[in-house]
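# Reading the structure
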Amino acid sequence: MLVNVTELLVRHAMSEMEWRRRLPCDCEQCRDDVMALALNQLPPRYVSTDRGEAYVKAQYMNSQLQMDIVRELAVSLQRVANNPRHTGS
């Protein structure tokens, strides 16, 4: 099992209602674009065991990592809101 725990943390943060309300469109394309933009600015944290995953998730308690994720999500949300790539309404 190979997991990028940073992706799990960003996905978890995106699932919180606060973030979804900030995005004018809640389609899958817009959500994926926000995640991709944010993840490209954050360092990956790959693990291959459940123990490693638990360790990295515990690091999320570090306020700097939380702030990094919040910052990148905010910037990404704004970019996607200003320039959505989805088709349809």
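Residues numbered from 1 in each chain as written. Predicted model: local features only at pLDDT ≥ 70, side-chain atom pairs only at ≥ 80, totals over all residues. Heavy atoms only, no water.

### Thoughts on the overall build of the chain
If you tally the helices and strands in the chain, you get 5 helices and 2 strands. Ordered by position in the sequence, the α and β elements of the chain form the string β-α-α-α-β-α-α. With the principal axes as the frame, the chain shows a C-alpha extent of 45 × 25 × 20 Å. The buried share among the 89 residues of the chain stands at 35%. The long-range fraction of contacts in the chain, counting pairs at least 24 apart against all pairs at least 6 apart in sequence, stands at 80%. Averaging the positions of the 11 positive and the 11 negative side-chain charges in the chain gives two centres separated by 2 Å. (Helix = DSSP H or I, 4+ residues; strand = E, 2+ residues; numbered from the N terminus. Buried < 20%, exposed > 50% of the residue type's maximum accessible area, 1.4 Å probe, protein only. Contact = heavy atoms within 4.5 Å. Lys, Arg positive; Asp, Glu negative; His and termini not counted. Charge placed at Lys NZ, Arg CZ, Asp CG, Glu CD.)

### Regarding the packing of helix α1 (residues 5–15) against helix α5 (residues 63–82)
Taken N-terminus to C-terminus, the directions of α1 and α5 make an angle of 65 degrees; their axes are 11 Å apart at the nearest point. The interaxial crossing formed by α1 with α5 has right-handed handedness. Residues Leu9, Val10, Ala13 and Met14 of α1 touch α5, and the partners they reach there are Leu65, Ile69 and Leu73. (Axes fitted to C-alpha atoms, helices over the stretch in contact; angles between N-to-C directions. Left-handed = near helix turned anticlockwise from the far one by under 90°.)

### Description of the environment of Arg45
When you line up the elements, Arg45 lands in the loop between α3 (28–41) and β2 (46–47). Put simply, Arg45 and Glu7 are 38 residues apart on the chain and 8.4 Å apart in space, counted from C-alpha to C-alpha. Excluding residues that lie within four positions of it along the chain, Arg45 makes contacts with Val3, Asn4, Val5, Thr6, Val56, Gln59 and Leu65.

### Brief notes about the packing of α1 against helix α4 (residues 50–59)
Contact geometry of α1 with α4 gives a least axis separation of 10 Å together with a crossing angle of 50 degrees. It follows that α1 is oblique to α4 by the angle criterion. Regarding α1 and α4, the two cross each other, and that crossing is right-handed. Contacts between α1 and α4 pair Val5, Leu8 and Leu9 from the former with Glu53, Val56 and Lys57 from the latter. Of the residues contributing to the contact of α1 with α4, the split by class is 4 nonpolar, no polar and 2 charged. (Parallel < 35°, antiparallel > 145°, perpendicular 65-115°, else oblique. Nonpolar A, V, L, I, M, F, W, Y, C, P; charged D, E, K, R; others polar.)

### Observations regarding the pattern of salt bridges
Enumeration over the complete set of coordinates arrives at 4 salt bridges. Measuring nitrogen to oxygen at the nearest pair gives 2.7 Å for the salt bridge that ties Glu7 to Arg11. Of this pair, Glu7 and Arg11 are both found in helix α1, 4 residues apart, which corresponds to roughly one turn of the helix. The partly exposed category is assigned to Glu7, whose relative accessible area is 30%. Between Arg71 and Glu72 there is a salt bridge; the shortest N-O distance is 3.1 Å. The exposure class assigned to Glu72 is buried, which follows from its relative accessible area of 11%. What you see here is one network of salt bridges that share partners, running through Asp68, Arg71 and Glu72. (Salt bridge = Lys/Arg side-chain N within 4 Å of Asp/Glu carboxyl O.)

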